[in-house]
Amino acid sequence: MLRYVIRRILMLIGIIFVISIGSFFLIHLLPGNITAVIEGPGASPENQAKLYKLLGLNRPIYEQYFVWINNILHGNLGTSFISQTSVATTIGNALPIDLEMMFLSQILAFAAAIPMAMRSARKPDGIVDRFFSAGSFTMLSVPPFIVVILLVLFVTYKLGIPHTGPSSYVSLRADWIGNLESMALPAITLALGSFVVYFRVLRSDLIATLQEEFITMARSKGISQRRIMWRHAFRPSSVALLGAAGVNIGGLLAGGFVVQYLLNIPGLGYTLITSINTDDYLLVQGIVLVVSVGVVLINFIFDFIINIVDPRISRE
Amino acid sequence: MSNTFLELEELALVEKPEKKKPLGPLFWICVGWIVLNIFGAIFANVLPLQNPLFQDYGTINAGPSLHHLFGTDDIGRDIFSRIVFGSRVSITVGFGSMVIGFGIGAPLGMLAAFRRGRFDTIVTTFMYILLAFPAIIATIAVLSFWTPRSVFKIILVIGLASVPLVYRVIRTATLSVATKDYVVAAKVQGATDRRILMKELLPNIAPIGISFLLIGVATVIALEGTLAFLGLSVVVPTPSWGNMINESRTVLQQNPWLAIFPSLALCFFLLSLNFIGDRLRSHFDVTEVKL
Amino acid sequence: MSVTPEKLLVVNDLSTTFATAGGPLPAVANVSFDLTRNETIGIVGESGSGKTVLSRTIMGLQPRTNVAVTGSVLLNGNEMVGTAESVKRGLWGTEVAMVFQDPMTSLNPVMRIGKQIDETLRVRLGMSKQDAKARAIELLELVGIPSPSQRYDAFPGQLSGGMRQRVVIAIALACSPKLLMADEPTTGLDVTIQAQILNLLDELKERLHMSVVLVTHDLGVVATRTSRIVVMYAGRIVEIGSTRDVFANHRMPYTRALLESSPKVSNASHTRLITIPGRPPNLLKLTQGCSFAPRCAYASDKCHQERPELQGADQPGHSFACWNPLPTTRGDSAS
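Scope of this entry: the structure provided in the associated data block. (Residues numbered from 1 in each chain as written. Chains lettered and ligands numbered in written order. Predicted model: local features only at pLDDT ≥ 70, side-chain atom pairs only at ≥ 80, totals over all residues. Heavy atoms only, no water.)

Remarks on the sheet that holds strand β1 (residues 7-20) of chain C
Residues and elements named next belong to chain C.
Working step 1: With antiparallel pairing, the four strands of this open sheet are ordered in space as β2-β1-β4-β5. A strand with exactly one partner marks an edge of an open sheet, and here the two such strands are β2 (23-36) and β5 (78-79).
Working step 2: Two elements, β1 and β2, share ten bridges in a ladder whose sense is antiparallel. Along β2, the bridge assignment pairs Val10 with Asp34.
Working step 3: Taken strand by strand, helix α1 (residues 51-59) contacts β1, β2 and β4 (67-75), and its axis lies near 115° from that of β1. (Pairing = 2+ DSSP bridges. Helix = DSSP H or I, 4+ residues; strand = E, 2+ residues; numbered from the N terminus. Contact = heavy atoms within 4.5 Å. Axes fitted to C-alpha atoms, helices over the stretch in contact; angles between N-to-C directions.)

Next up, the structure:
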């Protein structure tokens, strides 16, 4: 177990290093004079000096990296030349909204996927299973940006429910009921996408697990079907589910970006898109870095949870 | 083959005895749909379609009619024609990036699994590090900096981002085949590496590869839609399914058709690809067990 | 055969047929036998002879779908065939329990072994948490697991095969069943461990006054441990009788083939083992005749056309199904 942990941590450091290199080089993809492009309309000798200090642009490239990473490790992601606000502050304000959205959507997705997968797996190819499976397969081909458009069409315009429409974001601190109402539509949209994946993964794993000998053994003890499903079948089947949840984070974030953009919810995604549209490159770079490291960290945590759930994994 | 009977009994015990699944009519309907779409994309210029860029201010936000089959958008362009032309971007990006992804990932994966040893260790470790990198975020990041955007850049970026995934799938598939008795036998008999790779391994992993390729194309097309939505795909007014849906959101209430038709086009295309991929996989998996 | 109080188990005309894509598969066909209290009976046959399916059907533990069971199984007066799972659940563990074939797969890999024993005690016997733990540790000790209170918290993966099989036995014994079904309990184990587990089963049987159905492909295993033996082939009983009769006076050529194919201590070293030619028949394509006929040296035309029914031999309780039985061995039948 200890060896496993050390290996994983080394891997994590490697990955974060690669991410930092990737993020660092992003600005070098910009066409033309980098400083002019980054500063945008606010280009001035004064701003140029600031940028040189932040990015070390006049030094050799490897030194530039150290200047840059040193700034970041001190929490300095620079100040946007477009909006004149600190990149770190902007990200700090937006991030909790993404976290809340992801949290709500994952709760919804698991709450729906687990009981439905159990119901399906009990009688594979039964009527219920066929219905759920066909439905989830179809859903697999509907990307979140279509789901959200259809939901908006349906909920806001057909049912006429006002609160869920665009540009109605209410912050959690101001009014938590209002906040939940404004979060309902984005959370449901994201939950649908995750639910489909979780349902399918858990269903097929449960079916495989239910054919294992230890399930027959559990049956022979004379314990109830419900207990067999929850105590014996669910845990060994949930490894792939957790794996899927970990892998899903990236897609979930991208889906979240779209949903935020469409519903005007000022999370990271909304901020990212507006900064792309206003050519606010320092902010884009900061968001990319924070989000990538976040995803990798979440994956790392999921790996550990999987290990606790199934002790076989770290032993091999 | 020596204990067919035992296998039969085990088969019976596992509740779900399955024979090789037939592909079924739905499979061929999906294939037909994909072919039709590709045909439309290739010959959009010569088909009797209206100009997808022509703005008919006389009929704005019109519903479906005989003249405009799917209606018109907010500046009077024909939606049907735009969907057909829009499929060009989606299909090109979808297949193009998978060509790059497979062109690099598949040979590497096969070689690594076949050679094993240090080559395998190094490439696999490297790929797993890349794999942990959230590919979608990386794609968004690169495309937002690498301006001006073009279909070619989009294909290149998505294609490269898919390499580690393709590598993993192909390597795993090759590994499972490479340890089979007939491959070992071929090795022992002194067959050249090239021969084993081409004659023994390739035909056996091709079905898995093809099914993964189709599902990959579907994923990429959905991703292109997302990028278009974020304003990171091709520049308007070139139609693509994604930016048509994106444009529709401002006039959602007045003209829901503008959202619904491209969404349907996109979803049916993805559904067909996913269905074909899934069917092929289950079809060939069973054959593999029978071997 | 009528129900008599001393019969713990009465199996009558039991058939188990699986619905498969290739058609109905008769895994067990027309099996009848019984078992008295404190008796050990052996069920032997090659892999695929239906003995595992038979033992599961007796317990009522067959898969829930795609299977048809006919006939009757009376377990301590309770009918197991056609009974709802909820009713059978009340009998499993307390009336009958099973020791599974492969301890590598029959324990839940992600559950501590203590919890797997506790579960039965708490759910079935309604014990409190502390009592169940104490009893579980006792059970672990009973089946000969060293330092049981530490092993209580182990995962199956941390134990050897032999230890795991002891845990499986402890689970089976948790609710003091009257009948223990042991389905090839030693197949997955090292040879040196096999004897230990079998002796343990023997000892526990005496101590706890159980009856045992011992399923195996190895006649050597049942020779000294059973009072009677059922020989199965292609889902049917082909010979049944006291252990002595089956060993010394078998009439069915298949039984002899089985005996000759199992190693004996009395043989000189390097004695060649005789293998049975051919392989067991495909149960989806059974012919009308004796299923063993294609592999039998004594088969006549009749054997290929008509299936022999079980018929009584000289000794009471000894029957065989064969048109061309082996001659009785002189002397033995008189004793």
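Having seen it, we continue.
A closer look at the pairing of strand β6 (residues 96-99) of chain C
Residue and element names in this part refer to chain C.
Working step 1: Going residue by residue along β6, you find Val96 and Met98 tucked away on one face and Ala97 and Val99 tucked away on the opposite face as well.
Working step 2: With four bridges joining them, β6 and strand β7 (residues 179-183) adopt parallel strand pairing. Bridge pairing in β7 links Val96 to Leu179. (Buried < 20%, exposed > 50% of the residue type's maximum accessible area, 1.4 Å probe, protein only.)

Focus on the state of the cysteines
Simply put, disulfide is the name for a covalent bond between the sulfur atoms of two cysteines.
All names here are of chain C.
Working step 1: For the structure shown, the criterion picks out zero disulfides over all chains.
Working step 2: Its sulfur unpaired, Cys290 is 6.1 Å from the next cysteine sulfur, which belongs to Cys303.
Working step 3: By relative accessible area, Cys290 is classed as buried at 12%. (Disulfide = S-S within 2.5 Å.)

Some words on the interface of chain A and chain B
Working step 1: The interface of chain A with chain B comprises 44 residues on the first partner and 39 residues on the second.
Working step 2: A per-residue breakdown of the area chain A buries against chain B is headed by Phe137, Ser141 and Phe145 of chain A, which together make up 15% of the total.
Working step 3: Across the contact surface, chain A and chain B share zero salt bridges.
Working step 4: The interface formed by chain A and chain B holds two residue pairs in polar contact (both at pLDDT 80 or more) in total.
Working step 5: Going through the elements one at a time, α1 (2-26), α6 (127-139), α7 (144-158), α10 (225-263), α11 (268-277) and α12 (281-309) of chain A are the ones with two or more residues in the side of chain A that touches chain B.
Working step 6: With nine residues, the top contributor of residues to the side of chain A that touches chain B is α12 of chain A.
Working step 7: In terms of residue class, the side of chain A that touches chain B is built from 35 nonpolar, eight polar and one charged. (Buried area = accessible area lost by both parts, 1.4 Å probe. Salt bridge = Lys/Arg side-chain N within 4 Å of Asp/Glu carboxyl O. Polar contact = N/O pair within 3.5 Å; in protein donor to acceptor, adjacent residues only side chain to side chain. Nonpolar A, V, L, I, M, F, W, Y, C, P; charged D, E, K, R; others polar.)

Some words on the packing of helix α4 (residues 117-132) of chain B against helix α6 (residues 151-178) of chain B
Residue and element names in this part refer to chain B.
Working step 1: Orientation of α4 relative to α6, taken along the N-to-C sense of each, is 130°, at an axis distance of 9 Å. In terms of their interaxial angle, α4 and α6 are classed as oblique. Regarding α4 and α6, the two cross each other, and that crossing is left-handed. Between α4 and α6, the residues in contact are Asp120, Val123, Thr124, Met127, Tyr128, Leu130 and Leu131 and Val163, Pro164, Leu165, Tyr167, Arg168 and Arg171, respectively.
Working step 2: When its residues are assigned to classes, the contact of α4 with α6 shows nine nonpolar, one polar and three charged. (Parallel < 35°, antiparallel > 145°, perpendicular 65-115°, else oblique. Left-handed = near helix turned anticlockwise from the far one by under 90°.)

Some details on the interface of chain C and chain A
How big an interface is tends to be expressed through the accessible area that disappears when the partners come together.
Working step 1: The interface of chain C with chain A comprises 29 residues on the first partner and 21 residues on the second.
Working step 2: Of the roughly 2400 Å² buried between chain C and chain A on both sides combined, carbon and sulfur atoms contribute 57%.
Working step 3: Summed over the three residues of chain C that lose the most area to chain A, namely Arg89, Val110 and Glu119 of chain C, the buried surface amounts to 25% of that side.
Working step 4: The interface formed by chain C and chain A contains four salt bridges.
Working step 5: As a salt-bridge pair, Lys221 of chain A and Glu119 of chain C come within 3.0 Å of each other at their nearest N and O atoms.
Working step 6: For the interface between chain C and chain A, the tally reads twelve residue pairs in polar contact (both at pLDDT 80 or more).

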